[in-house]
Amino acid sequence: MISFEELKSENINKITELMVDFYAIDNYPIDTEATKRNFEYFIQQPQLGRVFEIRYENEMVGYILFATLFSFEFGGTIAFLDELYISEKMRGKGLGKMAVEFAKNFAKEQDYKVLYLEVEPHNEKAQELYKKSDFKTHHRGLMIYKNEKNII
């Protein structure tokens, strides 16, 4: 049985462990103490977005993180599906497909005009999953500017 539950403060250590595993896939740096503080802040600021635990048989096996903003181009609030992760041991059971459907339904419930996401170029399985769930490759590319003094 799969469920999607908003992150509870008492589960921040576990979700941080999952995030460490996720970031390790592409060797992204992560400061676990800063991440825990960020989760504490984030879950107290619902206008910033929402984070959900993905639970399978009552065990947290992944998470979904939405970040929100207002877009004039799309005429309202949009969301960035900032992260969707399922632990390696739970892959291949259809949880990813269910998580994407949950994300799409949640976006509709929240009246997000658009749900954006990014996928690593080498992650062909994720790209295929999203394409099968009606996500399209956008004609624009992402660009980034980092204020280095504020980056962890």
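Below, the structure is looked at part by part. (Residues numbered from 1 in each chain as written. Predicted model: local features only at pLDDT ≥ 70, side-chain atom pairs only at ≥ 80, totals over all residues. Heavy atoms only, no water.)

## Observations concerning the packing of helix 1 (residues 12–25) against helix 2 (residues 32–43)
Item 1. Axis separation between helix 1 and helix 2 bottoms out at 10 Å; the angle between their running directions is 125°. One way to sum up the angle between helix 1 and helix 2 is to call them oblique. For the crossing formed where helix 1 meets helix 2, the hand is right-handed. Of the residues in helix 2, those in contact with I12, N13, I15, T16, M19 and V20 of helix 1 are T32, T35, K36, F39, E40 and I43. (Axes fitted to C-alpha atoms, helices over the stretch in contact; angles between N-to-C directions. Helix = DSSP H or I, 4+ residues; strand = E, 2+ residues; numbered from the N terminus. Parallel < 35°, antiparallel > 145°, perpendicular 65-115°, else oblique. Left-handed = near helix turned anticlockwise from the far one by under 90°. Contact = heavy atoms within 4.5 Å.)

## Focus on the pairing of strand 3 (residues 59–71)
Item 1. With eight bridges connecting them, strand 2 (residues 49–56) and strand 3 associate as antiparallel partners. Residue pairing in the sheet places R55 in a bridge with M60 of strand 3.
Item 2. Between strand 2 and strand 3, which follow one another and run antiparallel, lie two residues, and E57 among them has a positive phi close to 50°.
Item 3. Hairpin connection, strand 3 to strand 4 (residues 76–86): the antiparallel pair is bridged by four residues, and G75 has positive phi, about 75°. (Pairing = 2+ DSSP bridges.)

## Some remarks on the packing of aromatic side chains
Item 1. The final tally for this structure, using the stated rule, is 16 aromatic pairs.
Item 2. Taken together, a centroid distance of 6.5 Å and an interplanar angle of 45° make the contact between F66 and Y112 tilted. Residue F66 is located in strand 3, and its partner Y112 is located in the loop between helix 3 (95–109) and strand 5 (115–117); the two are separated by 46 residues in the primary sequence. Neither F66 nor Y112 differs from the other in exposure class; each is buried.
Item 3. Measuring from centroid to centroid gives 6.1 Å for F74 and Y116, while their planes differ by 75°, and the two rings are edge-to-face. (Phe/Tyr/Trp six-rings, centres within 6.5 Å; stacked < 30°, edge-to-face > 60°. Buried < 20%, exposed > 50% of the residue type's maximum accessible area, 1.4 Å probe, protein only.)

## Points about unusual backbone geometry
Item 1. Backbone geometry at N58 places phi at a positive 70°, although glycine is not the residue there.
Item 2. Backbone geometry places D134, a non-glycine residue, at a positive phi of 75°.
Item 3. For D134, the location among the structural elements is in the segment after helix 4 (124–132).

## Structural notes on the sheet that holds strand 4
Item 1. Taking strand neighbours across the sheet as the criterion, the five strands line up as 1-2-3-4-5 in an open arrangement whose pairing is mixed. If you trace the sheet from one side to the other, it starts and ends with strand 1 (2–6) and strand 5, each paired once. Each adjacent strand pair in this sheet contributes to an overall mean axis angle of 30°, direction not counted.
Item 2. In this fold helix 1 packs onto strand 2, strand 3 and strand 4, with an angle of close to 80° to the strand it touches most, strand 3.
Item 3. Across the face of the sheet, helix 2 comes into contact with strand 2 and strand 3 while running at roughly 110° to strand 2.

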